[in-house]
Amino acid sequence: MFSAIYIESEVRHHPRAREILARHRDLPHIECERHGEIFNRKSQNFRLQKEQPALILARKHGRKVLPAPAGYGFDAAASHYFSHMLNCVYDCRYCFLQGMYRSAHCVLFVNYEDFTESIRQTIAAGPGHQVFYSGYDCDSLALEPVSGFASHFIPFFAQHPGATLELRTKSTQVASLLRLRPIPNCVIAMSFTPAVAAARWEHGVPSIEKRLAALGRLQRAGWPVALRFEPLLPDQSPRAHEELFGWIFSQLDAGRLHSVSTGEFRMPADYFRNTLKLYPDEPLFARETQTAGGVVTFRPSRRDSWLEQVESSLFRHIDPARYYRCAN
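Everything numeric in this text was worked out from a predicted model, so none of it was measured. (Residues numbered from 1 in each chain as written. Predicted model: local features only at pLDDT ≥ 70, side-chain atom pairs only at ≥ 80, totals over all residues. Heavy atoms only, no water.)

Asker: Can you walk me through the environment of Arg228 in this structure?
Answerer: The residue Arg228 is located in strand β13 (residues 225-232) in this model. The spacing of Arg228 and Tyr324 is 96 residues in sequence and 9.8 Å in space, taken between C-alpha atoms. In this structure the side chain of Arg228 is engaged in a polar contact, spanning 3.0 Å, whose partner is the side chain of Glu166. (Helix = DSSP H or I, 4+ residues; strand = E, 2+ residues; numbered from the N terminus. Polar contact = N/O pair within 3.5 Å; in protein donor to acceptor, adjacent residues only side chain to side chain.)

Asker: Would you mind showing me how to read the packing of helix α10 (residues 208-221) against helix α11 (residues 238-249) here?
Answerer: How two helices pack is summed up by the angle between their axes together with the distance between the axes. Viewed as axis vectors pointing N to C, α10 and α11 meet at an angle of 35°, and their least axial separation amounts to 10 Å. Of the two possible hands of crossing, α10 and α11 adopt the one that is right-handed. Within the contact between the two elements, α10 uses Ile208, Glu209 and Leu212 and α11 uses Leu244, Trp247 and Ile248. Its residues assigned to classes, the contact of α10 with α11 shows five nonpolar, no polar and one charged. (Axes fitted to C-alpha atoms, helices over the stretch in contact; angles between N-to-C directions. Left-handed = near helix turned anticlockwise from the far one by under 90°. Contact = heavy atoms within 4.5 Å. Nonpolar A, V, L, I, M, F, W, Y, C, P; charged D, E, K, R; others polar.)

Asker: Looking at this structure, I do not really get unusual backbone geometry. What am I missing?
Answerer: Among all residues save glycine, negative phi is the norm, and among peptide bonds the norm is trans. A cis amide bond links Glu230 with the next residue in sequence, Pro231, at an omega value of 0°. Checked against the element boundaries, Pro231 lands in strand β13. One non-glycine residue, Ser43, adopts positive backbone phi at about 60°. Locating Ser43 in the fold gives a position in the loop between α2 (36-39) and α3 (46-49).

Asker: Honestly, α10 in this entry has me stumped. Any pointers?
Answerer: Compared with the 20 Å implied by 1.5 Å per residue over 14 residues, the 20 Å span of α10 between its first and last C-alpha is a close match. Those residues of α10 not exposed but buried are Ile208, Arg211, Leu212, Ala214, Leu215, Gly216, Leu218 and Gln219. Each element contacted by the buried residues of α10 is listed here: α8 (175-178), β11 (186-192), α9 (195-201), β12 (202-203), β13 and α11. In the segment just after α10, Gly222 is the residue with positive phi, at about 105°. (Expected span 1.5 Å × (residues − 1). Buried < 20%, exposed > 50% of the residue type's maximum accessible area, 1.4 Å probe, protein only.)

Following this line, the structure appears as structure tokens:
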């Protein structure tokens, strides 16, 4: 999966870093002073690095819990996100990360205890129920066998039932969750697009069949699971979504779903320009676009009619009360 492991000098002897290094003795181990020396250096090519990325073990400094973008999540309560990792091992052509970062390497922050302390302080300072999203700058579970992320954070949230954790993922790496006792305040949210889109633009991602099987195992084990259908693309026919919905809801108990959402393609304008430079011949980006508030979206014809058809098909399977449109 990785070509090498870089280690910040500061975390060289951190127990989590030492464990990862011990399990990957076959890879080159290269020490660096700060992860930015590798991750942020100029003249890198995200597209080329994606073929053989490295893993960088680092310490997260500064703020570790940030306000979630407006309209991002499922709850009107105070919402936050945190990123234990930067970048994703998958290569989805529509992903904003390829335009956000110079490097395709993955940065794993090993100081989980500092994250949980920041989350603890945020819970204590805020009134009422709060939601914490993981998976905004990475896939929450794709690196779980290496990172042990869920194995650390789920027991923490089990002790804080007044806060909810969402793990956003396209991964089938759910073995660690199945070894844990399910808790009602940890939601595993799986992302799906229709089969044609998945095959064309989701490189390295497990098949829909495998993802659905993993999500079904989690639901049967008692975990709250959720569905995220995004990005919706204007040229995807409503029939493609009907087929996807029929497949999914033949295998999941719709009445026990935590939530279901849809979201259109959207990308900050700067990231979109960077992505176009990487993939100038990608047909996905040849569509007519529109920019509002610094965010690029595709300009569909009859937008409301198209979205309403998708939603109408979805509501034949789920209670609309469980549904929301993701705005960011």
